[in-house]
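# Fold and contact review
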Amino acid sequence: MMDYLEVSKKGVKPPKFEKVPKHVAIVMDGNGRWANKRGLTRIEGHKAGEAALLDVVAGAIEAGVSELTVFAFSTENWKRSPEEVRFLMGFNKDVLRARRDQLNHWGVKVRWVGRRPKLWASVIDELEAAQALTNRNKVLTLTMCVNYGSRIEIVDAVNEIALLAAKKKIKPGSITEKSFGKMLSTNPLGDVDLFIRSSGEKRISNFLLWQSAYAELVFSEVLWPDFDRKQLWASIAEYSTRQRRFGGAIDSPKAKPVK
Ligand code: IPE
Ligand code: IPE
Ligand code: MG
């Protein structure tokens, strides 16, 4: 894998965007289908997804994105075959170990968000080592969602709040949207601006439900191993064309009437 700066020197530059999203979230989907289409096992598809992630991180830095949150393993993915789960655990660990110096060199701050129960201790160790190594970096925060599920994240926050209320540390009735958001495991990350899913599936699959309440959704047909910085930039270009109203309205009677 070439260093991303070398790639940039070859003239692969991001276009000028009207608007750059601050926080981009990606469901990295389609590894299995990519592999099976080539007569390969699903595992080969996951292996091919590593380069895609690295290229997208590089492309996010070049585009000026400051927060990139990626779905690497969901709380539902335990339903897969024991072989695939075992591979994914080992693979996550190996990728983190192999790439942390490169990410650190790029100024990426790695963060893990997800649940501890069931997750392999060796994976948690690598995630925490990558976090410690890159903790002071400021170019881009790369949040790896490993053993993450949005509903359970919300339920965990509710349980935490109930406990605090039982201990009389917070008053029932005093929770606000803002204070609730701070109880979520993604905190201090804020709302998602651009939510991308590769592979043609058009669903959220329990990823960042609260955080994406007003995200712009972009669904790409490209399978994750074929995704790269250019696909990311195309998604950002699509985002740039969207008018975000957040429930408000813009009156422009001088605009061309629709025929
Ligand atoms: C995404 O690719 C990777 C993980 C969920 C870990 P998939 O493995 O879901 O690939 P498809 O959707 O079966 O093609
Ligand atoms: C979502 O993809 C999880 C990750 C990409 C890690 P899935 O492939 O697991 O989602 P479904 O099964 O298509 O909803
Ligand atoms: Mg999938």
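Preceding this section is the structure that the text describes.
Quick look at the structure, then.

### Focus on the site of ligand 1
- Asp-29, Gly-32, Arg-33, Arg-42 and Arg-80 are the nearest of the 13 residues found near ligand 1.
- Asp-29 is positioned such that a nitrogen or oxygen atom in its side chain is 2.8 Å from an oxygen atom of ligand 1.
- Between ligand 1 and Gly-30, the relevant distance is 3.3 Å, taken from an oxygen atom to a main-chain nitrogen or oxygen of the residue.
- The fraction of the free accessible surface of ligand 1 (380 Å²) that becomes covered by protein chains is 87%.
- If you map ligand 1 onto the pockets, it falls in the largest pocket.
- For the shell around ligand 1, the elements supplying multiple residues, two or more each, are helix H2 (31–37), helix H3 (42–63) and helix H4 (82–105).
- Considering every element that reaches the shell around ligand 1, the biggest residue donor is H2, with three residues.
- Among the residues making up the shell around ligand 1, the classes are represented as three nonpolar, five polar and five charged.

### Details of empty space enclosed by the protein
- The tally for this structure, following the rule as stated, stands at one cavity of 30 Å³ or more.
- For the largest cavity, the calculated volume is near 70 Å³.
- What lines the largest cavity is Leu-53, Leu-54, Val-57, Val-95, Leu-96, Arg-99, Leu-103, Val-110, Leu-142 and Met-144.
- Secondary structure elements with two or more residues in the lining of the largest cavity: H3, H4 and strand S4 (140–148).
- Of the residues belonging to the lining of the largest cavity, the class tally is nine nonpolar, no polar and one charged.

### Describing the packing of aromatic side chains
- Throughout the structure, instances matching the rule amount to nine aromatic pairs.
- Ring centres 5.1 Å apart and planes at 20° place the aromatic pair Phe-87 and Phe-91 in the stacked group. Here the residue Phe-87 and the residue Phe-91 both occupy positions in helix H4, the gap between them amounting to four residues, near one helical turn.
- Both rings, one in Tyr-148 and one in Phe-207, keep their centres 5.9 Å apart while their planes meet at 90°; by these two values the pair is edge-to-face. With Tyr-148 in strand S4 and Phe-207 in the loop between strand S5 (194–197) and strand S6 (216–219), the pair connects residues that are 59 residues apart, well separated along the chain.

Thresholds, definitions, all that
Residues numbered from 1 in each chain as written. Chains lettered and ligands numbered in written order. Predicted model: local features only at pLDDT ≥ 70, side-chain atom pairs only at ≥ 80, totals over all residues. Heavy atoms only, no water. Near = heavy atom within 4 Å. Polar contact = N/O pair within 3.5 Å; in protein donor to acceptor, adjacent residues only side chain to side chain. Areas by Shrake-Rupley, 256 points an atom, 1.4 Å probe, with all protein chains shown as cover. 1 Å grid on protein atoms, 1.4 Å probe; cavity = no way out; pocket = protein on both sides within 12 Å on 5 of 7 lines; lining within 4 Å. Sits in = over half its atoms within 2 Å of the grid points. Helix = DSSP H or I, 4+ residues; strand = E, 2+ residues; numbered from the N terminus. Nonpolar A, V, L, I, M, F, W, Y, C, P; charged D, E, K, R; others polar. Points joined across faces, edges and corners; volume = space filled by probe spheres on them. Phe/Tyr/Trp six-rings, centres within 6.5 Å; stacked < 30°, edge-to-face > 60°.

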